There are 2 protein chains.
Amino acid sequence: MKIGVIGAGQLGRMLALAGIPLDMKFVFLDPAPDACAAVLGQHIQAEYTDQNALRQLAEAVDLVTFEFESVPAETVAFLGQFVPVYPAAEALRIARDRWLEKSLFRDLGIPTPEFANILSQTDLNQAVERIGLPAVLKTRTLGYDGKGQKVLRTPADVTEAFADLGAVPCILEGFVPFTGEVSLIAVRARSGETRFYPLVHNTHIEGILHLSIASTEHPLQAKAEDYVGRVLKQLDYVGVLAFEFFEVDGGLKANEIAPRVHNSGHWTIEGAECSQFEQHLRAISGLPLGSTARRCHSAMLNCIGSVPSTEQVLSIADAHLHHYGKAFKAGRKVGHISLCASDPATLEQNISLASNLLAQR
Amino acid sequence: MKIGVIGAGQLGRMLALAGIPLDMKFVFLDPAPDACAAVLGQHIQAEYTDQNALRQLAEAVDLVTFEFESVPAETVAFLGQFVPVYPAAEALRIARDRWLEKSLFRDLGIPTPEFANILSQTDLNQAVERIGLPAVLKTRTLGYDGKGQKVLRTPADVTEAFADLGAVPCILEGFVPFTGEVSLIAVRARSGETRFYPLVHNTHIEGILHLSIASTEHPLQAKAEDYVGRVLKQLDYVGVLAFEFFEVDGGLKANEIAPRVHNSGHWTIEGAECSQFEQHLRAISGLPLGSTARRCHSAMLNCIGSVPSTEQVLSIADAHLHHYGKAFKAGRKVGHISLCASDPATLEQNISLASNLLAQR
């Protein structure tokens, strides 16, 4: 089985590490000359809209998947003429646009923060009147890790906000006084069979995921599975999908989906019976799904900007290092640390050790 | 860290899969044009005695390790002039020669089958008189998977036996009425710190390993650790070493050592906290050792000659497939299946399913 991957960053790299033992071969398309997944397969170095390159990719592989959701719609449509594409164009169209995404949640009866479609400063002024402040203005497309968004606290913040974000289509979202952020990693097979990992508690620092802890019997697990299941079914989704929620008053409000393997699922490599990476590959290539069961108390910490020395990381009991082989750069995800423990207290202790290591950088 | 590996088969492949997340890069030396580890690093395609190639390897890497023990002594010595080599020349010298190996066991007070050094038919005749029949005649070097050996049951079997095995130095071993075969996978750090995985029960078919099951609290664990520890210390060993024993009358008799990652340790990829492959890389590169704890009831079955369809393998609950990407050929190890279970009964059941799948080939 030959898998084409649009994008050759760490997600592509970890997909390949999971797929190579299944006799899968990988062809990546990524414009970066030093794309870090390239060492694990063939690398077509080209822009995502380069039709010759896309054609070359399609001819080399059995199916194509994506490492990120902001891939241009025309890329997906073009590829779809020649080769099966998972997830399908419609899922990508929805997931890459925050307004379409929230509208889908609302249509499916999934609670969301209040939101409005913002195509002008006038739209924004009216929406602020309805939703109130504080609120968050986000570009509808292309934002990630806290980029492409602006928190509006006072009327003065509102005045130039639409222009400040580039006068592109935006969404205004009501501020949600959340007590926590959780994500659910789900996988759906071509047959429609769906499986869910345990809910993950996520902590962000400056808009970037810092820490994910796999929960044990979270009281909102069933509710989250219900919500995510509705979206998967509606989109006739195939593959792994991550769904981020705010925890509010003992309930959930939908934040966003990522139609792909997700940073908050990296703990599954060591922490679950079958990792999200293997699971995604199984789903898109029509293989039986794996178990989503947790096999230890598990957490993941991101290495942002740089990676501590391997020696320091591995001196923490039952720590595993995932170095992405990327150049170090402030704010860039360049690796992660996985922790496994037999009890929550040991896990907490090792999270502290890892967190201290990362803070020293 | 750049690691040189002599040999680029499945062991090198699995070493690389474990090392890439630690930001290790691999350079393999192997004469086979289609060596299956080559996709995970640089491949120097050359004979193991090609000094230009060895020089090229030594200059490209920080240290060198081995995928197999029958590498020529001059190769090890030559490399050792330029770059650290783990395990060291002395360990390889002993491990590649069954007579030196058994002599070392005897010197260290580790029980072995009776044995004799056979350099001629006369030696053999005398040894048979002392040890009796049945006995096994093996070439001192280069035998593996049941090759290079001959079971002697009757005096007629003895007459031409030395010539039959090529009139090369041999060892005669007394027949051991064993009740089982177990192996202990151990790792020793540069610092001398030593860790052991749980004893593994091994079943062979036609001289080739078929099934390994990780034991739970084996009564001979401490005894095996004592024996293996003596050898590791004597050799000032660095890296993973596998030690195979016969179970005899509730005790152990040493069969042989493999100074490398070993087929009976493949279960550790999913079944232990830190796999034998990561463990070997940690040891030889001076990193802290990982945990050898079992994290499920775990077994491994070899795929010999061919690999069942991925779909069939993954339809077994909590099965993982490791396809080596090698051409299928009768008697060749081309993949393995790992099984994880929460209890021994489920493991047994899944071993049966996997065993049936393999028997259909």
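In this text the structure is predicted, and so the values were computed from the model without any measurement. (Residues numbered from 1 in each chain as written. Chains lettered and ligands numbered in written order. Predicted model: local features only at pLDDT ≥ 70, side-chain atom pairs only at ≥ 80, totals over all residues. Heavy atoms only, no water.)

Draft legend 1. Focus on unusual backbone geometry. All names here are of chain A. Across the junction of tyrosine 86 and proline 87, the peptide omega takes the value -10 degrees, indicating a cis bond. Here the phi dihedral of alanine 167 falls at roughly 55 degrees; this positive angle occurs in a residue that is not glycine. In this structure, alanine 167 sits in the loop between helix H8 (161-164) and strand E8 (170-174). (Helix = DSSP H or I, 4+ residues; strand = E, 2+ residues; numbered from the N terminus.)

Draft legend 2. Representation of the nonpolar core in the model. Ranked by internal contacts, the top residues of the largest apolar core, which has 124 residues, are Phe26, Ile337 and Leu339 of chain A together with Phe26, Ile337 and Leu339 of chain B. In this structure, leucine 339 of chain A is in contact with His297, Ser298, Ala299, Leu301, Ile316, Asp318, Ala319, Leu347, Asn350, Ile351 and Ala354 of chain A, ignoring residues within four places of it in sequence. Ala91, Ala95, Leu232 and Phe245 of chain A belong to the second-largest nonpolar core, a separate cluster that totals 27 residues. (Core = buried A, V, L, I, M, F, W, Y, C linked by side-chain atoms within 4.5 Å. Buried < 20%, exposed > 50% of the residue type's maximum accessible area, 1.4 Å probe, protein only. Contact = heavy atoms within 4.5 Å.)

Draft legend 3. Focus on the pairing of strand E8 (residues 170-174) of chain B. Residues and elements named next belong to chain B. Among the five residues that make up E8, five are buried, leaving the element largely enclosed by the rest of the structure. What you see with E8 is no split at all: Cys170, Leu172 and Gly174 on one side and Ile171 and Glu173 on the other are buried throughout. In terms of strand pairing, strand E5 (residues 115-118) meets E8 through four bridges, oriented antiparallel. What sits directly across from isoleucine 118, in E8, is cysteine 170. In this structure, strand E6 (residues 135-139) lies alongside E8, joined through five bridges in antiparallel fashion. Looking across to E8, one finds that leucine 137 is bridged to leucine 172. (Pairing = 2+ DSSP bridges.)

Draft legend 4. Structural detail: helix H9 (residues 221-234) of chain B. All names here are of chain B. The end-to-end C-alpha distance of H9, which contains 14 residues, comes to 20 Å, matching closely the 20 Å that a straight helix rising 1.5 Å per residue would cover. Every buried residue of H9 is listed here: Gln221, Ala224, Tyr227, Val228, Val231 and Leu232. One side of H9 holds all its buried residues, which, seen down the axis, span an arc of 135 degrees. Exposed residues on H9 whose side chains face more than 90 degrees from its buried face are Ala222 and Lys233. Tucked inside the fold, the buried residues of H9 contact helix H5 (98-107), strand E9 (180-188), strand E10 (194-196), strand E13 (239-248) and strand E14 (251-258). Two residues or fewer after H9 comes aspartate 236, characterised by a positive phi angle close to 45 degrees. (Expected span 1.5 Å × (residues − 1). Arc of directions from axis to C-beta.)

Draft legend 5. The arrangement of the packing of helix H2 (residues 51-60) of chain A against helix H3 (residues 73-80) of chain A in detail. Residue and element names in this part refer to chain A. Where H2 meets H3, the axes come as close as 10 Å, and the angle between the chain directions of the two elements is 45 degrees. Between H2 and H3, the interaxial angle falls into the category oblique. By crossing handedness, the relation of H2 to H3 is classed as right-handed. Residue-level inspection shows Gln51, Leu54, Arg55, Leu57 and Ala58 of H2 in contact with H3, the latter providing Thr75, Phe78 and Leu79. (Axes fitted to C-alpha atoms, helices over the stretch in contact; angles between N-to-C directions. Parallel < 35°, antiparallel > 145°, perpendicular 65-115°, else oblique. Left-handed = near helix turned anticlockwise from the far one by under 90°.)

Draft legend 6. Representation of the packing of helix H1 (residues 10-19) of chain A against helix H11 (residues 276-284) of chain A in the model. Residues and elements named next belong to chain A. Closest axis-to-axis distance for the H1/H11 pair is 8 Å, and the angle between their directions is 75 degrees. Our classification of the angle between H1 and H11 gives roughly perpendicular. Along its contact with H1, which presents Leu11, Met14, Leu15, Ala18 and Gly19, the element H11 presents Phe277, Glu278, His280 and Leu281. Taken together, the residues that form the contact of H1 with H11 break down as six nonpolar, two polar and one charged. (Nonpolar A, V, L, I, M, F, W, Y, C, P; charged D, E, K, R; others polar.)

Draft legend 7. Molecular detail of the relation of the copies chain B and chain A. Rotating chain B by 180 degrees and moving it 0.0 Å along the rotation axis overlays it on chain A with an RMSD of 0.0 Å. In the structure described here, the two chain copies are related by an operation that fits a two-fold rotation axis. (Least-squares fit on C-alpha atoms with pLDDT ≥ 70 in both.)

Draft legend 8. Structural view of the interface of chain B and chain A. Opposite the 30 residues of chain B that make contact, chain A presents 30 residues. Contact between chain B and chain A buries roughly 2700 Å² in total, counting both sides, with carbon and sulfur atoms accounting for 56%. Counting the contacts that link chain B with chain A gives zero salt bridges. Here chain B and chain A share 14 residue pairs in polar contact (both at pLDDT 80 or more) between them. In terms of residue count, strand E16 (residues 319-323) of chain B provides more of the side of chain B that touches chain A than any other element does, five residues in total. (Buried area = accessible area lost by both parts, 1.4 Å probe. Salt bridge = Lys/Arg side-chain N within 4 Å of Asp/Glu carboxyl O. Polar contact = N/O pair within 3.5 Å; in protein donor to acceptor, adjacent residues only side chain to side chain.)

Draft legend 9. Structural view of the state of the cysteines. Applying the stated criterion across every chain yields a total of two disulfides over all chains. Across the disulfide, cysteine 296 of chain B is cross-linked to cysteine 340 of chain B (sulfur-sulfur distance 2.3 Å). With the S-S dihedral at roughly -45 degrees, the linkage between cysteine 296 of chain B and cysteine 340 of chain B falls on the left-handed side. One end of the pair, cysteine 296 of chain B, is in the loop between helix H11 (276-284) and strand E15 (297-304); the other, cysteine 340 of chain B, is in strand E17 (residues 333-341), and 44 residues separate them in sequence. Pair check on accessibility: cysteine 296 of chain B and cysteine 340 of chain B agree, each one buried. Its sulfur unpaired, cysteine 36 of chain A is 13 Å from the next cysteine sulfur, which belongs to cysteine 303 of chain A. Given a relative accessible area of 5%, cysteine 36 of chain A falls into the buried group. (Disulfide = S-S within 2.5 Å.)

Draft legend 10. The arrangement of the environment of glycine 331 of chain B in detail. All names here are of chain B. Mapped onto the secondary structure, glycine 331 falls in the loop between E16 and E17. Between the C-alpha atoms of glycine 331 and glycine 251, which are 80 residues apart in sequence, the distance is 32 Å. The residues touching glycine 331, leaving out its near neighbours within four places in the chain, are Ile208, Ile304 and Gly305.

Draft legend 11. Spatial organisation of the sheet that holds E5 of chain B. Residue and element names in this part refer to chain B. Read across the sheet, four strands follow the order E5-E8-E6-E7 without closing on themselves; strand pairing throughout is antiparallel. Each end of this open sheet is capped by a strand with a single partner; those strands are E5 and strand E7 (149-152). Between one strand axis and the next, the sheet turns by 20 degrees as a mean value, whatever way the strands run. In this fold H5 packs onto E5, E6, E7 and E8, with an angle of close to 145 degrees to the strand it touches most, E5. Across the sheet, helix H6 (residues 121-131) is in contact with E5, E6, E7 and E8; its angle to E5 comes to roughly 170 degrees.

Draft legend 12. Expanded view of the packing of aromatic side chains. Residues and elements named next belong to chain A. Overall, the coordinates contain 16 aromatic pairs over all chains when judged by the stated rule. Aromatic side chains phenylalanine 178 and phenylalanine 246 sit 4.8 Å apart centroid to centroid with 20 degrees between the ring planes, which places their arrangement in the stacked category. Here phenylalanine 178, found in the loop between E8 and strand E9 (180-188), pairs with phenylalanine 246, found in strand E13 (residues 239-248); they are 68 residues apart in sequence, far enough to count as distant. Through a chain of ring-to-ring contacts, three or more aromatic side chains come together here, namely Phe105, Tyr227, Phe243 and Phe245. (Phe/Tyr/Trp six-rings, centres within 6.5 Å; stacked < 30°, edge-to-face > 60°.)

Draft legend 13. Expanded view of the sheet that holds strand E3 (residues 42-44) of chain B. All names here are of chain B. Ordered by their spatial adjacency, four strands build an open sheet running E3-E2-E1-E4, and the pairing between neighbours is parallel. Strand pairing shows two members of the sheet lacking a second neighbour, E3 and strand E4 (63-66), which therefore form its edges. Across the sheet, the mean angle separating the axes of adjacent strands is 25 degrees when strand polarity is ignored. Of the strand pairs in this sheet, strand E1 (residues 2-6) and E4 are connected by four bridges, and their pairing is parallel. Among the inter-strand pairings, isoleucine 3 is bridged to a residue of E4, identified as leucine 63.

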